[in-house]
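# A look at the structure
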Amino acid sequence: MTRGNGSPERPLHGLLKYIAEVSRIRSELFDYVSTGELADASDRTLFFGKPQVECRGSFAGSPDAEWTLFRRRADGRLCAVLGNLGGTALVASRLKFGGKRPRPCRILAPFARPRASKLPATVTVPPERVVFVVEE
């Protein structure tokens, strides 16, 4: 929907900026989330056994929380995309990728600077947003 001058309607402006930010991060993580292997997902439809993403806090067990785990083919490093479909922020504390020893990671979120951390990490996922957690 556009106005006569071709600009998006005001209510869509924020959404379009958010989509551009997520696309920018996805491009940066292309070898994980686009050409990597799907390693696990919160819906568990394709996977058996223990989930590969573990955490505590309000993210764990929330019906609004979803995640997908990707494995980079070149070196096996993992990237989790944490999604919050609800209206309040969720905290994933002690976040780790199953069975792995502690290791450095980066946390990437739209409109924020990447943050260095170490798994297990604590990550806040804002309402109706996604956050990427990447092994270093």
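Notes on the structure follow. This structure is a prediction, so every number in the text was calculated from the model and none was measured.

This part takes up the overall build of the chain. Counting its secondary structure elements, the chain contains two helices and nine strands. Taken from N to C terminus, the helices and strands of the chain fall in the order α-α-β-β-β-β-β-β-β-β-β. If one aligns the C-alpha atoms of the chain with their principal axes, the spans along those axes are about 55 × 35 × 30 Å. By the burial criterion, 38% of the 136 residues in the chain qualify as buried. Considering only residue pairs separated by 6 or more positions, the chain has 65% of its internal contacts joining residues 24 or more positions apart. Accessible surface computed for the chain: about 8000 Å², of which carbon and sulfur atoms make up 54%. Side-chain charges of the chain comprise 22 positive and 14 negative groups, with the mean position of each set lying 6 Å from the other.

One can find R73 in the loop between β3 (65-71) and β4 (78-84). Here the alpha-carbon distance between R73 and Y32, two residues 41 residues apart in the chain, equals 7.7 Å. Beyond its immediate sequence surroundings of up to four residues, R73 is in contact with D31, T35, G36 and E37. In this structure the side chain of R73 is engaged in a polar contact, spanning 2.7 Å, whose partner is the backbone oxygen of T35.

Attention shifts here to the sheet that holds strand β5 (residues 90-97). The strand order across the open sheet built from three strands is β2-β5-β8, with neighbouring strands paired in antiparallel fashion. The strands lining the two open edges of the sheet, one partner per strand, are β2 (53-56) and β8 (121-125). With direction set aside, neighbouring strand axes in the sheet form an average angle of 40°. The pairing of β2 with β5 spans three bridges and is antiparallel. Within β5, the position partnered with E54 by the bridge is K96.

Helix length check: helix α1 (residues 10-28) (19 residues) gives 28 Å between terminal C-alpha atoms against 27 Å at 1.5 Å per residue, within 8%. Every buried residue of α1 is accounted for by Y18, E21, V22 and I25. One face of α1 carries all of its buried residues, which in axial projection span an arc of 95°. Pointing more than 90 degrees away from the buried face of α1 are the exposed residues R10 and S27. Those residues of α1 hidden inside the fold are in contact with β6 (103-108) and β9 (129-135).

Moving on, we get to the packing of aromatic side chains. Given two aromatic rings, one states the distance between the centres and the angle between the planes to describe the pair. Evaluation of the coordinates by the stated rule reveals one aromatic pair. Judged by centre distance (6.5 Å) and plane angle (40°), the rings of Y18 and F111 are tilted. You can see Y18 sitting in helix α1 and its partner F111 sitting in the loop between β6 and β7 (115-119), a full 93 residues away along the chain. Looking at R129, its charged tip hangs above the ring of Y18, at a distance of 4.1 Å from the centre.

For the rest of this paragraph, the subject is the pattern of salt bridges. This structure, assessed with the given rule, holds eleven salt bridges. R106 serves as the salt-bridge partner of E28, at 2.9 Å between the closest nitrogen and oxygen. Residue E28 is found in helix α1, and its partner R106 is found in strand β6; the two are separated by 78 residues along the sequence. With a shortest N-O distance of 3.9 Å, D75 and R77 are connected by a salt bridge. Among the residues examined, D75 registers a relative accessible area of 39% and is labelled partly exposed. Each of the salt bridges in this network shares a partner with another, and the network as a whole consists of E21, R24, E28, R106 and E136.

Each value, and the rule that gives it
- Residues numbered from 1 in each chain as written.
- Predicted model: local features only at pLDDT ≥ 70, side-chain atom pairs only at ≥ 80, totals over all residues.
- Heavy atoms only, no water.
- Helix = DSSP H or I, 4+ residues; strand = E, 2+ residues; numbered from the N terminus.
- Buried < 20%, exposed > 50% of the residue type's maximum accessible area, 1.4 Å probe, protein only.
- Contact = heavy atoms within 4.5 Å.
- Areas by Shrake-Rupley, 256 points an atom, 1.4 Å probe, with all protein chains shown as cover.
- Lys, Arg positive; Asp, Glu negative; His and termini not counted.
- Charge placed at Lys NZ, Arg CZ, Asp CG, Glu CD.
- Polar contact = N/O pair within 3.5 Å; in protein donor to acceptor, adjacent residues only side chain to side chain.
- Pairing = 2+ DSSP bridges.
- Axes fitted to C-alpha atoms, helices over the stretch in contact; angles between N-to-C directions.
- Expected span 1.5 Å × (residues − 1).
- Arc of directions from axis to C-beta.
- Phe/Tyr/Trp six-rings, centres within 6.5 Å; stacked < 30°, edge-to-face > 60°.
- Lys NZ or Arg CZ within 6 Å of the ring centre and 35° of its normal.
- Salt bridge = Lys/Arg side-chain N within 4 Å of Asp/Glu carboxyl O.

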